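Breakdown of the fold
What follows is the residue order along each chain.
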Amino acid sequence: MSRFDAHRGYAPASDRPRLLDLMLPWAAGILVTLITELCVAVVVWDWVAGDDPSSVASPARTILFLHLPSAVCIALGTWAAAAVHRSPSRDSRVRHGLAAFAPAVALQLVIYVSQGSDLTVITFLVQLVVLLVGCAVGFLADRLRNG
């Protein structure tokens, strides 16, 4: 007997490759992170800063208007990715961590690559802290939600 259901055209959940169990969480995490980052960018750069980016140029305002909202967006993306990850793959800590953290890490790697030679040590470290805080808060929110 074939492992594919002839009437429905898909494999049962137990026969699916494990990589397919990660695709939905990754897509959800990337989409939620990108959409929330877009909303934050519109709010900060269109409403708060307006046409004068120097109004958010101080270190305190940069943290308040750039890094904290970015950490929240990463947390929401991590939470979304972890929330849509289902059993039996969710029962493995390694696969669940991979499902939850991979979208945020992949997006952060894209940001690092896009900065190229403008990436400094302090910029790298600040963005790394934002990534770690966002991932930890999002994963904690998922854990609290699921007990």
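Placed above this text is the structure.
Here's a quick rundown of the structure. (Residues numbered from 1 in each chain as written. Predicted model: local features only at pLDDT ≥ 70, side-chain atom pairs only at ≥ 80, totals over all residues. Heavy atoms only, no water.)

1. Focus on the pattern of salt bridges
Enumeration over the complete set of coordinates arrives at 2 salt bridges. Across the pair Asp142 and Arg90 runs a salt bridge whose closest N-O atoms are separated by 2.9 Å. With Asp142 in helix H4 (residues 121-146) and Arg90 in the loop between helix H2 (59-84) and helix H3 (93-115), this residue pair connects regions lying 52 residues apart in the sequence. Residue class for Arg90 comes out buried when judged on its relative accessible area of 15%. A relative accessible area of 0% means that Asp142 is categorised as buried. Through salt bridges that share partners, Arg90, Asp142 and Arg145 make up one connected network. (Salt bridge = Lys/Arg side-chain N within 4 Å of Asp/Glu carboxyl O. Helix = DSSP H or I, 4+ residues; strand = E, 2+ residues; numbered from the N terminus. Buried < 20%, exposed > 50% of the residue type's maximum accessible area, 1.4 Å probe, protein only.)

2. Notes on H2
Compared with the 38 Å implied by 1.5 Å per residue over 26 residues, the 36 Å span of H2 between its first and last C-alpha is a close match. Approximately 30° is the largest bend angle found in H2, and it occurs at His67, with the proline Pro69 only one to four residues beyond. (Expected span 1.5 Å × (residues − 1). Bend = angle between axes of the 7 residues up to and from the residue.)

3. Observations concerning H4
Helix length check: H4 (26 residues) gives 37 Å between terminal C-alpha atoms against 38 Å at 1.5 Å per residue, within 8%. Looking only at H4, the buried set comprises Gln127, Val130, Leu131, Gly134, Cys135, Gly138, Phe139 and Asp142. Along its buried surface, H4 packs onto H2 and H3. One or two steps after H4, the chain reaches Gly147, where phi turns positive at roughly 80°. (Contact = heavy atoms within 4.5 Å.)

4. Overview of the nonpolar core
In this structure, Ala71, Ile74, Ala104, Val130, Leu131 and Cys135 together form the largest nonpolar core, which totals 6 residues. When residues of this core are traced back to their parent elements, those giving at least two are H2 and H4. Among residues more than four places away in sequence, those in contact with Ala71 are Val130 and Gly134. (Core = buried A, V, L, I, M, F, W, Y, C linked by side-chain atoms within 4.5 Å.)

5. Considering the state of the cysteines
In the structure shown here, the tally under the stated rule is 0 disulfides. No disulfide involves Cys39; its sulfur sits 8.1 Å from that of Cys73, the nearest cysteine. Under the relative-accessibility criterion, Cys39 is labelled partly exposed at 48%. (Disulfide = S-S within 2.5 Å.)

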